[in-house]
Amino acid sequence: MGVNGLVALAAGIAVFTGVGAGIGIGIAASKAAEAVSRQPEASGKITTTTIIGAALAEATAIYGFVIALLLILVRWQA
Amino acid sequence: MNLGEELINAISPHNLFNINIFGLSIPVTDTVMTTWLIMAFLIIAAVALTRNMKLIPAGKQNLTEWVVEFINNFIKSNIGHHWEHFSAYLGTVLIFLLFANVISIFNIIPSAEELYKLTHLSIFEKMPSYSIRPPTRDINVTACLALMSIILTLFSGIVIKRPKAWLKSFAEPVPIIAPFKVLDYFIRPTSLCFRLFGNILGAFIIMELIIIVMPAIFPAALSIYFDLFDGALQAYVFVFLTSIYIAEAIE
């Protein structure tokens, strides 16, 4: 397998970190829905906390994306 | 140009011109140019909004006071006791990042080649092509901001708790976590830098792809999420995390 094949495979494996972010943010959103159903008056604070938690949990997916991007942009031999 | 080359052309920073002073030749990229534009806009806005201030606010002074109060409350709720020392710098970073992440919606200047084709003036023939893109898609800008945040955390810990208490705080609550606390000082700026860089670069790439495929009304609707919401959220998260780190260092 040439260099390009390995680079493409590595980039594909690197983007797999998005699965963890998707599951984590889904769990956070489900807990937020539960909390709003329990106490609808606090829905403003719950929304703020959910959004902040989602932005922090998304960071690991972004690290994988950045590594895949660097692999393709720097190591692709045309 | 095919899709890949156009995309790489959009992402990487271009050299606009060189400043030749003191025998050095300093390259100026379009990231620096966009940062200068944002700085000029913010400085002029700050001077214009704070002249002729009255005791009872009216008109644009209301807006200024609302912005400053919002930033002060935000910093006070996170840091606590010593918030006045930090609210100026953190507020500046927040406003700068809010403008810097969002600025690609103002990309309405036609590039130099198109202007040359329209008007055939010779001044446009040799000008380097420049379009307004978010400066935080360049990793140098985000690395500098993260470095400034961690230096602020370090110095605030050393100055507000005296150096002996600061060194002793490495060994609380259990002495075995001292190497992890030292490692924190390297991991936290890295994660701040890459979080901001990755989010803004990803949103910018998606918007470029959409504009290449369908330059009509579709990009405007989607750029509300990708440019505005994502940019504002990442600015807020950056300053929020920095204030949490400072609060933990001051305790």
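Treat the numbers as computed from the prediction; the structure is a model and nothing was measured.

Novice: Explanation requested: the overall build of chain B in the structure shown.
Specialist: Within chain B, the regular secondary structure consists of nine helices and two strands. Counted from the first residue to the last, chain B has its helices and strands arranged as α-β-β-α-α-α-α-α-α-α-α. In terms of overall dimensions, chain B has a C-alpha envelope of 70 × 50 × 45 Å along the principal axes. Counting across all 251 residues of chain B, residues that qualify as buried make up 38%.

Novice: It is not clear to me how the pattern of salt bridges should be interpreted in this structure. Could you clarify?
Specialist: When charged atoms on two side chains of opposite charge get close, those side chains can pair. All names here are of chain B. Evaluated as defined, the whole model comprises three salt bridges over all chains. For the salt bridge of arginine 188 with aspartate 184, the shortest nitrogen-to-oxygen distance reads 3.5 Å. Pair noted here: arginine 188 and aspartate 184 are both in helix α8 (residues 178-213), with a separation of four residues, about one helical turn. Relative accessible area serves as the criterion here: at 18%, arginine 188 is assigned to the buried category.

Novice: Would you mind going over the pairing of strand β2 (residues 24-29) of chain B with me for this structure?
Specialist: Where a strand is regular, its side chains alternate between the two sheet faces. Residue and element names in this part refer to chain B. Direction of pairing for strand β1 (residues 15-21) relative to β2: antiparallel, over a ladder of six bridges. Paired with isoleucine 19 across the two strands is isoleucine 26, which belongs to β2. Counting the residues that bridge the hairpin from β1 to β2 gives two residues, and of these phenylalanine 22 lies at a positive phi of roughly 55 degrees.

Novice: For this particular structure, what's the right way to read the packing of aromatic side chains?
Specialist: The description of an aromatic ring pair uses the distance of the two centres, along with the angle that the planes make with each other. Residue and element names in this part refer to chain B. If you walk through the whole model with that rule in mind, you get nine aromatic pairs over all chains. Between phenylalanine 170 and tyrosine 185, the ring centres sit 6.2 Å apart and the planes meet at 40 degrees, which makes this aromatic pair tilted. With phenylalanine 170 in the loop between α7 (163-168) and α8 and tyrosine 185 in helix α8, the pair connects residues that are 15 residues apart, well separated along the chain. Ring geometry for tyrosine 225 and phenylalanine 229: centres 5.7 Å apart, planes at 25 degrees, overall stacked. In this pair, tyrosine 225 and phenylalanine 229 both sit in helix α9 (residues 218-250), four residues apart, roughly one turn of the helix.

Novice: So what exactly am I meant to see when it comes to the layout of surface pockets here?
Specialist: Where empty space is left becomes clear once a probe the size of a water molecule has been rolled over the atoms. Residue and element names in this part refer to chain B. Taken as a whole, the largest pocket spans an internal volume of roughly 1,200 Å³. Together, 39 residues line the largest pocket, and Leu42, Gly91, Thr92, Ile95 and Phe96 are the ones closest to its centre. Of all elements in the fold, only α2 (30-49), α3 (60-79), α4 (83-102), α6 (139-160) and α9 reach the threshold of two or more residues within the lining of the largest pocket. It is α4 that provides the largest number of residues to the lining of the largest pocket, a total of 11 residues. For the lining of the largest pocket, the residue count by class is 28 nonpolar, 10 polar and one charged.

Cut-offs used in this document
- Residues numbered from 1 in each chain as written.
- Chains lettered and ligands numbered in written order.
- Predicted model: local features only at pLDDT ≥ 70, side-chain atom pairs only at ≥ 80, totals over all residues.
- Heavy atoms only, no water.
- Helix = DSSP H or I, 4+ residues; strand = E, 2+ residues; numbered from the N terminus.
- Buried < 20%, exposed > 50% of the residue type's maximum accessible area, 1.4 Å probe, protein only.
- Salt bridge = Lys/Arg side-chain N within 4 Å of Asp/Glu carboxyl O.
- Pairing = 2+ DSSP bridges.
- Phe/Tyr/Trp six-rings, centres within 6.5 Å; stacked < 30°, edge-to-face > 60°.
- 1 Å grid on protein atoms, 1.4 Å probe; cavity = no way out; pocket = protein on both sides within 12 Å on 5 of 7 lines; lining within 4 Å.
- Points joined across faces, edges and corners; volume = space filled by probe spheres on them.
- Nonpolar A, V, L, I, M, F, W, Y, C, P; charged D, E, K, R; others polar.

Everything listed here is a matter of geometry and, on its own, says nothing about what the molecule does.
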